[in-house]
Amino acid sequence: MNYSVNEIAKLVEVDYTSPSVQIISHVSVDSRSVQNTSNSVFFALVTNKRNGHEFIQDLIDRGVNTFVISEDIKVVGDNLSIIRVSNTLEALQRLAANHRKKFNIPVIGITGSYGKTIVKEWLYQLLSPDYTICRSPKSFNSQLGVPLSVLLLEPNHTLGIFEAGVSESGEMKKLQPIIQPNIGVLTKMGEAHESGFDSFNQKLEEKKSLFIGCETIIEIPENKLDYSFPFSDTTSIENCSLCIMMMEALGYDKAIIQERIKSLSSLALRLEMKNGKENSVIINDGYNISYSSLALSISYLNQLATSFPKTLIISQIPETSLDDERVIQHIRSSDFDRVLVVGDQVLKGISTDTDIHHYSTTEELLNELSQFDFRNHYVLIKGARKFRLERVAHVLEQKNHRTQLEVNLNQLSRNLKIYKEKIKPTTKLMVMVKAFSYGSGSAEIPRLLEIEGVDYLGVAYADEGIALRDAGITLPMMVMNPEPGTFSDLIKYKLEPEIYSLHELDEFVKELIVADIKEYPIHIKLETGMNRLGFLSEELPKLIQYLKSQPEVYIKTVFSHLSSADDLNEKEYTLNQLAKFQEYSSILTSAFNYSIDKHVLNTAGIENYGDYQYDMVRLGIGLYGINVGDTDSEIKPISKLKSVIIQTKKLNKGDSIGYGRNTRADKEMTIAMIPIGYSDGLRRSLGNRNFSVYLKQQKCNIVGNVCMDICMIDISSLDANVGDEIEIFGDNNSVEDVAEAMGTIPYEVLTSISQRVKRVFFKD
Ligand SMILES: *Cc1c(COP(=O)(O)O)cnc(C)c1O
């Protein structure tokens, strides 16, 4: 549509004169989706859920200046055109009805209880070779959807196909003048009583009132039509019969109709979407390809996947070619993030943002498939039969049949940013990556931290540091528990030891003398109240004396560790620790004429004792998303522990489950087997209904004793199958929930997920 603001006012039937000469080509009712701001008119709808008037100022700030409103508003902006009506939805309906009057083309109106959308899509497919069709997007058939659909009518359209749905008496009266069909289609009517209607007849009458003024009305025939149908189910045959009768009414020959309905099967397949790996959606139409079926699949995809990444997997097209301008235009219309092409034809002229790869055979593509990230993608697979692209679909649909820990690296970066904002720009950041980054993986997280520019890494043992050096990590690294046997390796791999006793220091210095190394960095740990490793204050004079006589080492940093930074009831104790640290560390630093960094805060310390950042802080658990600070913190977990159902079983009342027969079925029940056991980190004490995992957002108790590699869950109240995903922790259970059930802390939950659980990394 293209209307001036004054024409819009006229079409919504109110008196309003605007000085603006703006041309309006878009109608919007959802502030989030407004795009061409200065050419849009925003209708401020008022529904139970939302009041559109609240978004007007925001839209003005984004450049929208034409509004249809029904409530008093206070907004500021220049050159605004504000059209006041008594009801914004009715105004939108009047706009659409008046817009419709400007078109003198055949319009098909579809109503009924079932199948409206499929009949509309089929008619679109069958008739698009001969007409330029405007049709309702998705299943836009409501009081709001219908006007929005009809407003899509453009001068070049030669046919309109719109669906109308009603849920109570009186609604069709509003939709009929908007669609004004000249041909009506009544799809299958539900027999069941519907709450908005007194009787079946009333419902039927209401629906049929769409057809006032129709020359032709098409209903499901009583007898099967004399065509060969590409379906065997009654519903598809009925829907297809409506399409056949429509084509007959439009004057098509039987032979053409018969030919065209053959291709409908592919649409039925297309409407069948499958969930694939990594939360992807696979739309597999790898059985046939033609220009028109491609166009249809792509427009279907565009409706579905407005805000998701999209991949097209396409073969060469037999009857035309991939450089056909129309084909290219359709592919372009979908803004694919990635196109994988199989066959000899080359695809060109697509947006430069699209990642295009060519393969001469499907086998070649299959070999390379694993390099692509399909997370959250909508994947449309479209190919000629001989390429058998369904094999690609099959691979993408295969889910992981194992337990895995999913780690979101972007969430880690977001958490890191939050902590960086909490510390002063001059404070250095050491990140603790001991115990495989708190169970999250091996070198993946340190590698990211190196890119993110943290200053130091902290590990527990020499081995951990060596593994990271082998993986190419070059950041300075402190090793907290370096056993004497590993000192030569420390030196070889440039790992810096924590020194907590004179004995340890002496051993390390001997190793440096042998290696003939001077001024090796070490980190002195002070005892301030944790009563674990570290120098006591009375040992300091001896330590200082020793260090002054040994040029082999120099003190890089001096530090201590708080025992209860997370517990504000222990604030006095913590402040006392901090005071001791201040005193003891100063004794040490003042004894040397070079600068020595000081650090004492862990995550909870950063949260609760931010004044004591000194030169560096040591971030741990918070980075991994366990919030130990304010409840409104933006810190979010980076990992989810997931598994899958590998078998289900029905049990009779009295049957026992698993080792020791500790759970008995008190009634008929269905259980599912999950490949995670105590050796994976799912504590045995969580069995026998002591904990529940989540399946399809619903709780399922763990029943029976947890076994070494497997546990059983109760799925009696759910409809679940092999392959369905199980969450141990993630969106529903938190790590804290698991910790509580195990009688421990999140640290132990995360670090006891055993190494055989595969870690899968992704960025959202
Ligand atoms: C593990 C560790 C940290 C990090 O502690 P969080 O509570 O995880 O932040 C800090 N300092 C030392 C010495 C540690 O061992």
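Residues numbered from 1 in each chain as written. Predicted model: local features only at pLDDT ≥ 70, side-chain atom pairs only at ≥ 80, totals over all residues. Heavy atoms only, no water.

**Points about the domain arrangement of the protein chain**
Domain annotation of the protein chain identifies domain 1 (3–87), domain 2 (103–261), domain 3 (271–399), domain 4 (406–624) and domain 5 (639–763). Each of domain 1 and domain 5 has a C-alpha centre, and the two are 53 Å apart. (Domains from an automatic or database assignment.)

**Focus on the site of the ligand**
The environment of the ligand is formed by M432, K434, Y438, M480, H561, N602, T603, R618, G620, I621 and Y747. Contact distances for the ligand include 2.4 Å between an oxygen atom and a side-chain N or O atom of T603. R618 is positioned with one of its side-chain polar atoms (N or O) 2.8 Å from a nitrogen atom of the ligand. The protein chains hide 94% of the 390 Å² of surface that the ligand would expose on its own. The residue makeup of the shell around the ligand, split by class, is 5 nonpolar, 4 polar and 2 charged. (Near = heavy atom within 4 Å. Polar contact = N/O pair within 3.5 Å; in protein donor to acceptor, adjacent residues only side chain to side chain. Areas by Shrake-Rupley, 256 points an atom, 1.4 Å probe, with all protein chains shown as cover. Nonpolar A, V, L, I, M, F, W, Y, C, P; charged D, E, K, R; others polar.)

**Comments concerning the pairing of strand β32 (residues 692–695)**
Along β32, one buried face is formed by S692 and Y694 and the opposite face, lined by V693 and L695, is buried too. Where β32 meets strand β33 (residues 698–703), 4 bridges bridge the pair, whose relative direction is antiparallel. Within β33, the position partnered with V693 by the bridge is C700. Hairpin connection from β32 to β33: 2 residues lie between these consecutive antiparallel strands, with K696 at a positive phi of about 50°. Relative to strand β35 (residues 725–729), β32 runs antiparallel, the two being bridged by 2 bridges. The residue of β35 that forms the bridge with Y694 is E727. (Buried < 20%, exposed > 50% of the residue type's maximum accessible area, 1.4 Å probe, protein only. Helix = DSSP H or I, 4+ residues; strand = E, 2+ residues; numbered from the N terminus. Pairing = 2+ DSSP bridges.)

**Things to note about the sheet that holds strand β9 (residues 159–163)**
Sheet strands line up and pair through hydrogen bonds in the backbone, either parallel or antiparallel. Taking strand neighbours across the sheet as the criterion, the 5 strands line up as β8-β9-β7-β10-β11 in an open arrangement whose pairing is parallel. Looking at which strands have only one partner, the edges of the open sheet turn out to be β8 (133–135) and β11 (216–219). Strand-to-strand twist of the sheet, defined as the mean angle between neighbouring strand axes without regard to direction, takes the value 15°. With 3 bridges connecting them, β8 and β9 associate as parallel partners. For R135, the partnering residue across the bridge sits in β9 and is I161. (Axes fitted to C-alpha atoms, helices over the stretch in contact; angles between N-to-C directions.)

**Points about the environment of F336**
Position of F336 among the secondary structure elements: in the loop between α12 (325–333) and β15 (338–342). The class for F336 is buried, based on a relative accessible area of 3%. For the pair formed by F336 and V379, sequence separation is 43 residues and the distance between their alpha carbons is 9.6 Å. Every residue in contact with F336, bar those within four places of it in the chain, is listed here: I298, L301, K310, T311, L312, I331 and T354. (Contact = heavy atoms within 4.5 Å.)

**Structural notes on the sheet that holds strand β4 (residues 40–43)**
Sheet architecture is open: 4 strands sit in the order β3-β4-β5-β6, paired in parallel fashion. A strand with exactly one partner marks an edge of an open sheet, and here the two such strands are β3 (26–28) and β6 (81–84). Neighbour-to-neighbour, the strand axes of the sheet open up by a mean angle of 20°, direction not taken into account. As paired strands, β3 and β4 are joined by 3 bridges and run parallel to one another. Across the sheet, residue S28 finds its bridge partner in β4, namely F42. Along the sheet, helix α3 (residues 88–100) makes contact with β3, β4 and β5 (66–69), crossing β4 at roughly 140°.

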